[in-house]
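# A closer look at the structure
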Amino acid sequence: MSAPPSFLRERAMAEEAGLRSRHPDAFRAHWRRRAGVVGGLGAALLLFVFALWDLDVSWGRVIGGIGRLGEFTELMFPPRFGTVERLWSYLHALVETVAIAFLGTLLAAILAAPFGFLAARNVVPQALFHFGLRRVLDTLRSVDTLIWALVWINVVGLGPFAGVLAIMSSDFGAFGKLFSEALEAADRKPVEGVVSAGGGPLHRVRFGLLPQVLPVVASQVLYFFESNTRSATIIGIVGAGGIGQHLYEQIKILEWGHVSFLVLLVLAAVFVIDAISARLRFAIIGQRTGV
Amino acid sequence: MPGQSGSFAAMGATVPTLPAGQAAALIRAYDLQVAARRRQTLLGFAVVAGLALVFGVLAEADPTKLVANIGRLTSYVGRLFVLDSGQLVLLDPREWFWGLGKWLKLLGETLLIAYLGTVIGGLGAFVLSFLAARNTAPSGWMCFVVRRFLEVCRTVPEIVFALVFVVAFGLGALPGVLALAIHTMGALGKLFSEVVENIDMKPIDGVRATGAAWIPTIRFAAVPQVLSNFTSYALLRFEINVRGAAIMGFVGAGGIGQDLVEAIRKFYYSDVSAILVLIVVTVMCIDLATERARHALLGREADR
């Protein structure tokens, strides 16, 4: 920042008493508001201290841990992958991770589409049904991907397919909710236009609602694909395929060079996918609003 | 009204029609446009289908295995709701929630982990967001460095941080808190800096004109504009972190996840469902409460 002119400031400081008497409101202390802020912050701080005490966080542990973390970080450089065979198995796991995210997102979107319509208030105007379906979707959504992975492993066995199904299950609820919200936020006028031109219920959805919600939905699906690439990197921890398996093993055997290499692989993959998907999202939204 | 209908008729009569040649050209152009768009859509579908096929092979997706074993899912879900004695869980809630005291304590621990993670990460994000926003960053290279740092923090999943921290700090809640805090800092830092980039720059110019340094400028010109949005995002993040903290126990980083994963691994079916019910209900309550608080906050902002 460049040095601002101090002329104004000098003039104001010289005349402070006059300013105070002419604008009492601007200088008054708002004790009530301050008490509220201080009270809120105090309560937050108390809870913070209580949490530190309850969770047994001590400075000794923190400092000791940070020291060890420093050692690990030193060992992480340079990142290495050992043999070429190892490298291939890592790359295969990386592609598998992307595959799990892609298929999981796609399946969830396809399955959730009809439920999104059913859960939208302006498509099925039935309060009790609406409430029930929303709660079911909420419940599916609040069970984490890792837990779903453990459940699906019982069904289809260890491996990436369980990961696909796990991502599908936890995203199904989220998509159902998002789709129905997109439908509810849609403008009613195009629908009325279709009705006034003699369109039936199917026409209403196809020409009145779909063109409005498709771009929104498509960009949300892409966004979830991005975030699922991150989720897919961890489900390997419970044995549901992807690069997480390797990551878990290498951390357990303290091979920090391999760990940093795997993390770099994940970072690279996520950045590439983010870039592609951001472009696609922009293209979809730009193209549709232009029409 | 005869006059009006007359004017309608007159209007109908005066609508000009294009000469046939011109109209045909326009229609052709329109058809071409529609066809092009349709081709594009079909191409998109084809690409998605092709990718799905390739990835399906890679991910060993086997629909037949799913169909053949779908009975295991239904029987698994069915067993979740039956006690060891063979009774339905709803008929004997006391037996179902036999470990309620222990679980509630672990649930409280989970909430505290999420709270600490959100507060620590939120504070870090608060400081870094002003350095990462283009309009308030003191220098270009600092903006670049902070942005990359935040990106790394939010791209590495919190469980991976937790795995590393468990080795460094030992088992317990501390690694969970730190893992959540780092991930939260990355995620909130991005959202916060986007809020900062959208602020009105006039107050900043005003405060700067009085000769204020960087910190007072941010304190008096930027912070009052962004605080309610920041709080709203932090509340949203708290809800996400409660979900995250619930699975931290999977890798030994504290909270109720430890008991949950143990129950799943050892096939204590009714325990699994009891713990899941507790988690889902807690998450839903927090979801509702934070949504209320956020609407109140943003509503107050709109009123001002």
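### Quick look at the overall build of chain B
Per the secondary structure count, chain B includes twelve helices and zero strands. Each helix (α) and strand (β) of chain B, taken in turn from the N terminus, gives the series α-α-α-α-α-α-α-α-α-α-α-α. Relative to the globule expectation of 19 Å for 304 residues, the C-alpha radius of gyration of chain B, 29 Å, shows a markedly less compact shape. Reported as C-alpha extents along the three principal axes, the dimensions of chain B are approximately 85 × 70 × 50 Å. A separation of at least 24 residues holds for 72% of the contacts in chain B among residues at least 6 apart in sequence.

### Section: the overall build of chain A
Counting secondary structure elements, chain A contains 13 helices and zero strands. Reading the helices (α) and strands (β) of chain A from amino to carboxyl end gives α-α-α-α-α-α-α-α-α-α-α-α-α. With respect to the three principal axes, the spread of C-alpha positions in chain A is 75 × 70 × 45 Å. Relative to its 291 residues, chain A shows a buried fraction of 42%. Partitioning the contacts of chain A with sequence separation of at least 6, the portion at a separation of at least 24 is 74%. Put simply, chain A shows about 16,100 Å² of open surface, and 69% of that area lies on carbon and sulfur atoms. Looking at chain A, you have 26 positive and 21 negative side-chain charges, and the mean spots of the two groups are 9 Å apart.

### Looking at the domain arrangement of chain A
How large an interface is tends to be reported as the accessible area lost when its parts come together. Segmentation of chain A into domains returns domain 1 (7-76) and domain 2 (84-290). Here the C-alpha centre of domain 2 of chain A lies 39 Å away from the C-alpha centre of domain 1 of chain A.

### What to know about the interface of chain A and chain B
Contact with chain A, which involves 64 residues of that partner, is made by 65 residues of chain B. Summed over both sides, the interface of chain A with chain B buries roughly 5,900 Å², with 77% coming from carbon and sulfur. Taken together, chain A and chain B are joined by one salt bridge. Among the ionic pairs, A:Arg141 bridges to B:Asp287, the shortest N-O distance being 3.4 Å. Partitioned by chemical class, the residues of the side of chain A that touches chain B number 47 nonpolar, seven polar and ten charged.

### Notes on unusual backbone geometry
A:Pro78 follows A:Phe77 through a cis peptide bond whose omega is -5 degrees. Positionally, A:Pro78 belongs in the loop between helix H5 (59-76) and helix H6 (84-119). Within the chain, A:Asp56 stands out as a residue other than glycine whose phi angle is a positive 65 degrees. Relative to the helices and strands, A:Asp56 is located in the loop between helix H4 (31-54) and H5. The phi torsion at B:Phe267 lies on the positive side, around 60 degrees, for a residue other than glycine. Overall, the relative accessible area of 44% leaves B:Phe267 in the partly exposed class.

### As for the side chain of A:His258
All names here are of chain A. Of note, His258 is situated in helix H13 (residues 256-290). A distance of 2.8 Å separates polar atoms of two side chains, one belonging to His258 and the other to Tyr90. Apart from residues lying up to four places away in sequence, His258 is in contact with Arg80, Phe81, Gly82, Arg86, Tyr90 and Gln250.

### What about the pattern of salt bridges?
A full pass over the atoms with the stated rule returns 15 salt bridges over all chains. Residue B:Glu197 is joined to B:Arg147 by a salt bridge in which the shortest nitrogen-to-oxygen separation is 2.7 Å. Linking B:Glu197 in helix H8 (residues 173-197) with B:Arg147 in helix H6 (residues 140-155), this pair joins segments that are 50 residues apart in sequence. Assessed through its relative accessible area of 28%, B:Glu197 is described here as partly exposed. Classification of B:Arg147 by relative accessible area gives partly exposed; the value is 21%. B:Glu151 serves as the salt-bridge partner of B:Arg148, at 3.2 Å between the closest nitrogen and oxygen. Within this pair, B:Arg148 and its partner B:Glu151 are both found in helix H6, separated by three residues, close to a single helical turn. Taken together, the shared-partner salt bridges connect A:Arg135, A:Asp138, A:Arg141 and B:Asp287 into one network.

### Comments concerning a nonpolar patch on the surface
A cluster of nonpolar residues, B:Val77, B:Phe81, B:Leu88 and B:Leu91, forms a patch on the protein surface that exposes about 370 Å² of accessible area. Residue position: B:Phe81 is located in the loop between helix H3 (63-80) and helix H4 (93-96).

### A short note on the packing of aromatic side chains
Residues and elements named next belong to chain A. This structure, assessed with the given rule, holds 19 aromatic pairs over all chains. Centre to centre, the rings of Tyr90 and Phe261 are 6.3 Å apart; their planes meet at 40 degrees, and the pair counts as tilted. Linking Tyr90 in helix H6 with Phe261 in helix H13, this pair joins segments that are 171 residues apart in sequence. Given the relative accessible area of 0%, Tyr90 is considered buried.

### Observations regarding the state of the cysteines
On inspection of all chains with the given rule, the structure shows zero disulfides over all chains. Unpaired in terms of disulfides, B:Cys153 finds its nearest cysteine sulfur in B:Cys143, a separation of 16 Å.

### Thoughts on the packing of helix H9 (residues 202-209) of chain B against helix H10 (residues 214-248) of chain B
Residues and elements named next belong to chain B. Closest axis-to-axis distance for the H9/H10 pair is 9 Å, and the angle between their directions is 160 degrees. Taken together, the axes of H9 and H10 lie roughly antiparallel to each other. In terms of crossing hand, the pair formed by H9 and H10 is right-handed. From H9, Pro203, Ile204 and Val207 reach across to H10, where they touch Pro216, Thr217, Phe220, Ala221, Ala222 and Gln225.

What counts and how
Residues numbered from 1 in each chain as written. Chains lettered and ligands numbered in written order. Predicted model: local features only at pLDDT ≥ 70, side-chain atom pairs only at ≥ 80, totals over all residues. Heavy atoms only, no water. Helix = DSSP H or I, 4+ residues; strand = E, 2+ residues; numbered from the N terminus. Rg over C-alpha atoms; globule rule 2.2 N^0.38 Å. Contact = heavy atoms within 4.5 Å. Buried < 20%, exposed > 50% of the residue type's maximum accessible area, 1.4 Å probe, protein only. Areas by Shrake-Rupley, 256 points an atom, 1.4 Å probe, with all protein chains shown as cover. Lys, Arg positive; Asp, Glu negative; His and termini not counted. Charge placed at Lys NZ, Arg CZ, Asp CG, Glu CD. Domains from an automatic or database assignment. Buried area = accessible area lost by both parts, 1.4 Å probe. Salt bridge = Lys/Arg side-chain N within 4 Å of Asp/Glu carboxyl O. Nonpolar A, V, L, I, M, F, W, Y, C, P; charged D, E, K, R; others polar. Polar contact = N/O pair within 3.5 Å; in protein donor to acceptor, adjacent residues only side chain to side chain. Patch = residues over 30% accessible without salt bridge, like charges linked within 9 Å, V, L, I, M, F, W, Y side chains within 5 Å. Phe/Tyr/Trp six-rings, centres within 6.5 Å; stacked < 30°, edge-to-face > 60°. Disulfide = S-S within 2.5 Å. Axes fitted to C-alpha atoms, helices over the stretch in contact; angles between N-to-C directions. Parallel < 35°, antiparallel > 145°, perpendicular 65-115°, else oblique. Left-handed = near helix turned anticlockwise from the far one by under 90°.

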